[in-house]
Amino acid sequence: MSEPGFAERLPPSRRVETGAWVSGLTYDRTGRTLGVACGDGRVWCIDTTNDSPPSPPEPAHRGVSLSIIANPSGDSFISGGDDGRLLRHGDAARELESFKGRWFERLAGHTKTATLAAVAGKEIVVYGASGRRVLGPHPSTVADIDFSPDGSRLVAAHYGGVTIHVLKPADAAPRSLEWKGSHVAVRYSPDARFIATGTQDNALHVWRLATGKDMQMSGYPVKVKQLAWSHDARFLFGTATSLFTGWPFAGKGPEGKPPIQFGDEGAGIMTAIAAHAADSFIAAGFDTGEVQVGDSKTRRSAVIKLAGDGQVSALAWSPGGWSLAVGTDQGVVELIDLRR
Amino acid sequence: MSQVPVTVLTGYLGAGKTTLLNRILTENHGRKYAVVINEFGELGIDNDIVVGTDEEIFEMNNGCICCTVRGDLIRVIGGLAKRPGTLDGIIVETTGLADPGPVAQTFFQDDEVRTRTRLDAIVTVVDARHFLLHVDDGVEAREQAAFADVILLNKTDLVSPEELARVEARLRQINPYARLHRTQKSAVALAEILGRHAFDLKRILEIEPDFLEQGHHHLHDHDHEHCDDPTHDHHHDSHHQHLENIGSISLTSDKPIDEQKFQRWISTILREFGTDIFRSKGILDISGASKKYVFQGVHMMMDGDWGNLWKDGESRMSKLVFIGRKLDAEQLRRGFAACATR
């Protein structure tokens, strides 16, 4: 980082200071607005087409705004808080749910089917074309959820494994995939052949859906809290490492093969990761505040944000994939323009 | 990053935990606490945060009981960390029947929790009137007393002096090392239960300056102040054999300890018997070292470091304490004796 002129070679960026822990951020479906959920209950809607500094909004949630996603069936955003409220933002925020004593930490949206899923303790509330449904209760609090690429299924990670819910037809029985221990993150592979989880045991666990056979990748120094499949489903990346570490899933799968590794050894421990939707790029944020963009094809990476501003807590690609939004636990948001 | 101190509050239902929590929340101390409880009760809430949660006990895939954590606590602490401002402390109340192990382990086992918080002390509230009734019902009452750094022997006004003495003697059989406060209506100075640094190696010597000397008071009919036997635990064996199988063992040595032998021995002991060893603590005179070696552990997890210098004229000696279940005093004594420098 001491290389002279390094900062000058960084892509242009815009900085917004929210003053509170960024628990989640995401672009709306047009890419014109960035939604940021913060530890002080605020939900910022930042106009990306206008560089003037946004003024702080009134807190939307009492306590912490825990999560935010783009509204899968319209404009603006859906946010969840530890006040047990699920809000739809727009000209005025509208309350979708209010669960006393619960919290909304995990949300997922599927745009093509216009379906929203929100975890409320051991249950999941789903809003789709056929109305509101409640899935569960699951064996424990649901730690994470993800839609299958076509939106026909929703997978829930919990203690003891994952449950795959069939959303259509609605009466189909859910499928359980078991692995002892607590599963904290879950992601469908983009080709829908695999489901991967990060576990409390500092490992990744992956099920091959056709056979139900599973595999375990262990040895991470801390638990893997975020997962990212490369857009072509060839590699599975996770946080908790100092280098980009991608397990190869093309062909017969990763059994007996080492992962690909690349990046900068000195960046710190990876705390956030997000894959580009249409290209082989993976964005990674570190506990030092540094952000890199790696390429699973060329196995190279570039620093796009220097260390500082706390640890990276959230990353989001713009819908077109030309901009990356970074949030940190010290409340800094950077919108990095990657067109050059 | 400064770590928020966490106090774990255990005790049977009705022992006085809620009364104590109310004191903490309503007392004019100018600090900001978060309280994690099982249910919303009648709690005074000023500028403090009260979080209700359902206990979720998560075992690891390896099945090791010592790696079992409270999943809900990991989430709650993650949420508290996101709030603006700094907390002066987090107080976790457990249910009356809870095993304190998973709660304590969460603060060592989970990397995020470990980064943001530190376990300060385990405080157990005991109902003087009902303890002797509960103590043999199940293991919970004994485990809660065994894990404690601080015991509030509460409701002392509701029992006779003789009964109180019997309860206290029984508590001391289980855990002779905890600070014990006799209380009525859970009235105790908050400094006695918060900010104890009971798991902080640097502070063990400060908090317990007489650790090397104490530990025999509970043996009412013995006086070993000047015992020259380096392994003078012969009496402990007989003392503990006929007791309940949750109890404590202390080992001492006035011969310097060989560091490598000790490390090998203690890691073997904790690996093999960690499930049954709730707490361990020690100060060692390591051969050739000018500083005291201090260590403490919860089940299999152990933490050790060099502490203060031995002072001029201070008699150098070593002492280990184990609190747990089915402890084999003779085996531990022999193993520790073999760690002495020859």
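It should be emphasised that the depicted structure is a prediction, and the values quoted were computed from it without experimental measurement. (Residues numbered from 1 in each chain as written. Chains lettered and ligands numbered in written order. Predicted model: local features only at pLDDT ≥ 70, side-chain atom pairs only at ≥ 80, totals over all residues. Heavy atoms only, no water.)

Participant: Hey, could you run me through the pattern of salt bridges in this one?
Facilitator: Opposite charge on two side chains makes pairing possible when the charged atoms of those side chains draw close. Evaluated as defined, the whole model comprises 37 salt bridges over all chains. In this structure, a network of salt bridges that share partners links the residues Arg-15, Glu-17, Lys-305, Asp-309 and Glu-334 of chain A. (Salt bridge = Lys/Arg side-chain N within 4 Å of Asp/Glu carboxyl O.)

Participant: Would you mind showing me how to read the packing of helix H2 (residues 71–82) of chain B against helix H3 (residues 100–109) of chain B here?
Facilitator: For any two helices packed against each other, the geometry comes down to the angle between their axes and how far apart the axes lie. All names here are of chain B. Relative orientation of the contacting elements H2 and H3 amounts to 50°, with a least axis distance of 9 Å. Taken together, the axes of H2 and H3 are oblique relative to one another. The handedness of the crossing between H2 and H3 is right-handed. Facing H2, whose interface residues are Leu-73, Ile-74 and Ile-77, H3 presents Val-103, Thr-106 and Phe-107. Tallied by class, the residues present in the contact of H2 with H3 amount to five nonpolar, one polar and no charged. (Axes fitted to C-alpha atoms, helices over the stretch in contact; angles between N-to-C directions. Helix = DSSP H or I, 4+ residues; strand = E, 2+ residues; numbered from the N terminus. Parallel < 35°, antiparallel > 145°, perpendicular 65-115°, else oblique. Left-handed = near helix turned anticlockwise from the far one by under 90°. Contact = heavy atoms within 4.5 Å. Nonpolar A, V, L, I, M, F, W, Y, C, P; charged D, E, K, R; others polar.)

Participant: Explanation requested: the pairing of strand S17 (residues 203–208) of chain A in the structure shown.
Facilitator: When a strand is regular, its side chains alternate between the sheet's two faces. Residues and elements named next belong to chain A. With six of six residues buried, S17 lies mostly within the body of the structure. Burial of S17 is two-sided: the residues Ala-203, His-205 and Trp-207 facing one way and the residues Leu-204, Val-206 and Arg-208 facing the other way are all buried. Inspection of the sheet shows strand S16 (residues 194–199) paired to S17 by six bridges, in the antiparallel sense. Paired with Ile-195 across the bridge in S17 is Trp-207. Where S16 hands over to S17, the hairpin turn is made up of three residues, of which Asn-202 adopts a positive phi near 60°. (Buried < 20%, exposed > 50% of the residue type's maximum accessible area, 1.4 Å probe, protein only. Pairing = 2+ DSSP bridges.)

Participant: For this particular structure, what's the right way to read the domain arrangement of chain B?
Facilitator: Accessible area lost upon the coming together of the parts serves often as the stated size of an interface. Residue and element names in this part refer to chain B. If you check the domain split of chain B, you get domain 1 (4–199) and domain 2 (202–337). Each partner contributes to the interface: domain 1 provides 29 residues, whereas domain 2 provides 28 residues. Of the roughly 2400 Å² buried between domain 1 and domain 2 on both sides combined, carbon and sulfur atoms contribute 62%. The tally of links from domain 1 across to domain 2 stands at two salt bridges. Salt-bridge contacts for Asp-149 lead to Arg-279; the nearest nitrogen and oxygen are separated by 2.7 Å. Linking domain 1 with domain 2 are five residue pairs in polar contact (both at pLDDT 80 or more). Going through the elements one at a time, H3, helix H6 (140–147) and helix H7 (161–174) are the ones with two or more residues in the side of domain 1 that touches domain 2. Per-element tally for the side of domain 1 that touches domain 2: the top contributor is H3, with five residues. (Domains from an automatic or database assignment. Buried area = accessible area lost by both parts, 1.4 Å probe. Polar contact = N/O pair within 3.5 Å; in protein donor to acceptor, adjacent residues only side chain to side chain.)

Participant: Help me understand the packing of aromatic side chains, please; the structure alone is not making it clear to me.
Facilitator: Ring pairs (aromatic) are described by centroid distance and by the angle formed between their planes. Under the criterion given, the structure shown has 16 aromatic pairs over all chains. Between Phe-147 of chain B and Phe-278 of chain B, the ring centres sit 5.0 Å apart and the planes meet at 15°, which makes this aromatic pair stacked. Here Phe-278 of chain B lies in strand S11 (residues 277–284) and Phe-147 of chain B lies in helix H6, a separation of 131 residues in the sequence. A connected cluster of aromatic rings, assembled from ring pairs, spans Phe-262, Trp-265, Phe-295, Phe-322 and Phe-336 of chain B. A cation sits over an aromatic face here: Arg-75 of chain B above Trp-103 of chain A, 3.2 Å from the ring centre. (Phe/Tyr/Trp six-rings, centres within 6.5 Å; stacked < 30°, edge-to-face > 60°. Lys NZ or Arg CZ within 6 Å of the ring centre and 35° of its normal.)

Participant: Sorry if this is basic, but what is going on with the environment of Gly-288 of chain B here?
Facilitator: In this fold, Gly-288 of chain B is placed in the loop between S11 and strand S12 (291–298). The class of Gly-288 of chain B is exposed, set by a relative accessible area of 84%.

Participant: Help me understand the interface of chain A and chain B in this model?
Facilitator: Taken together, the contacts link 26 residues of chain A with 19 residues of chain B. A buried area of about 2100 Å², summed over both sides, lies between chain A and chain B, and 52% of it is on carbon and sulfur atoms. Considering only the surface of chain A that becomes buried against chain B, Trp-21, Lys-180 and Gln-200 of chain A emerge as the three largest contributors, covering 26% of it. Put simply, chain A and chain B have seven salt bridges between them. Between chain A and chain B we count eleven residue pairs in polar contact (both at pLDDT 80 or more) in total. A total of four residues in the side of chain A that touches chain B trace back to one element, the largest contributor, which is strand S15 (residues 175–188) of chain A. When its residues are assigned to classes, the side of chain A that touches chain B shows seven nonpolar, ten polar and nine charged.

Participant: Can you help me understand the nonpolar core in this one?
Facilitator: Burial of nonpolar side chains together is a common tendency in soluble globular proteins. Residues and elements named next belong to chain B. Grouped together as the largest cluster of nonpolar side chains are 53 residues, with contacts concentrated most on Leu-80, Ile-90, Phe-107, Phe-131, Leu-153 and Leu-171. No other element matches H2, which puts five residues into this core. Per-domain counts for this core show at least three residues from each of domain 1 (4–199) and domain 2 (202–337). Discounting residues that sit within four places of it in the chain, Phe-107 has contacts with Val-6, Val-8, Leu-73, Ile-77, Val-113, Arg-114, Thr-117 and Leu-119. Core analysis: the second largest hydrophobic core is formed by 20 residues, Ile-257, Trp-265, Ile-266 and Cys-339 among them. (Core = buried A, V, L, I, M, F, W, Y, C linked by side-chain atoms within 4.5 Å.)

Participant: When you look at the sheet that holds strand S1 (residues 13–17) of chain A in this model, what are you seeing that I'm missing?
Facilitator: By definition, the strands of a sheet pair up through backbone hydrogen bonds, in either a parallel or an antiparallel sense. Residues and elements named next belong to chain A. Taken together, four strands build an open sheet; the order of strands is S1-S29-S28-S27 and the sheet is antiparallel. A strand with exactly one partner marks an edge of an open sheet, and here the two such strands are S1 and strand S27 (312–317). With direction set aside, neighbouring strand axes in the sheet form an average angle of 15°. Of the pairings in the sheet, the one linking S1 to strand S29 (residues 332–337) comprises five bridges and is antiparallel in character. Its bridge partner lying in S29, Arg-15 is registered against Glu-334.

Participant: Even after reading the chapter, I still don't get the sheet that holds strand S7 (residues 117–127) of chain B, so can you show me in this structure?
Facilitator: Residue and element names in this part refer to chain B. One open sheet holds the seven strands; their spatial order is S3-S2-S6-S1-S7-S8-S9, and the pairing between them is parallel. Two strands bound the open sheet, and with one partner strand each, they are strand S3 (49–52) and strand S9 (179–182). Looking at each pair of strands side by side, their axes are set apart by 20° on average, direction ignored. On top of the sheet, H6 reaches strand S1 (4–11), S7 and strand S8 (150–154); it is set at about 130° to S7, its chief contact.

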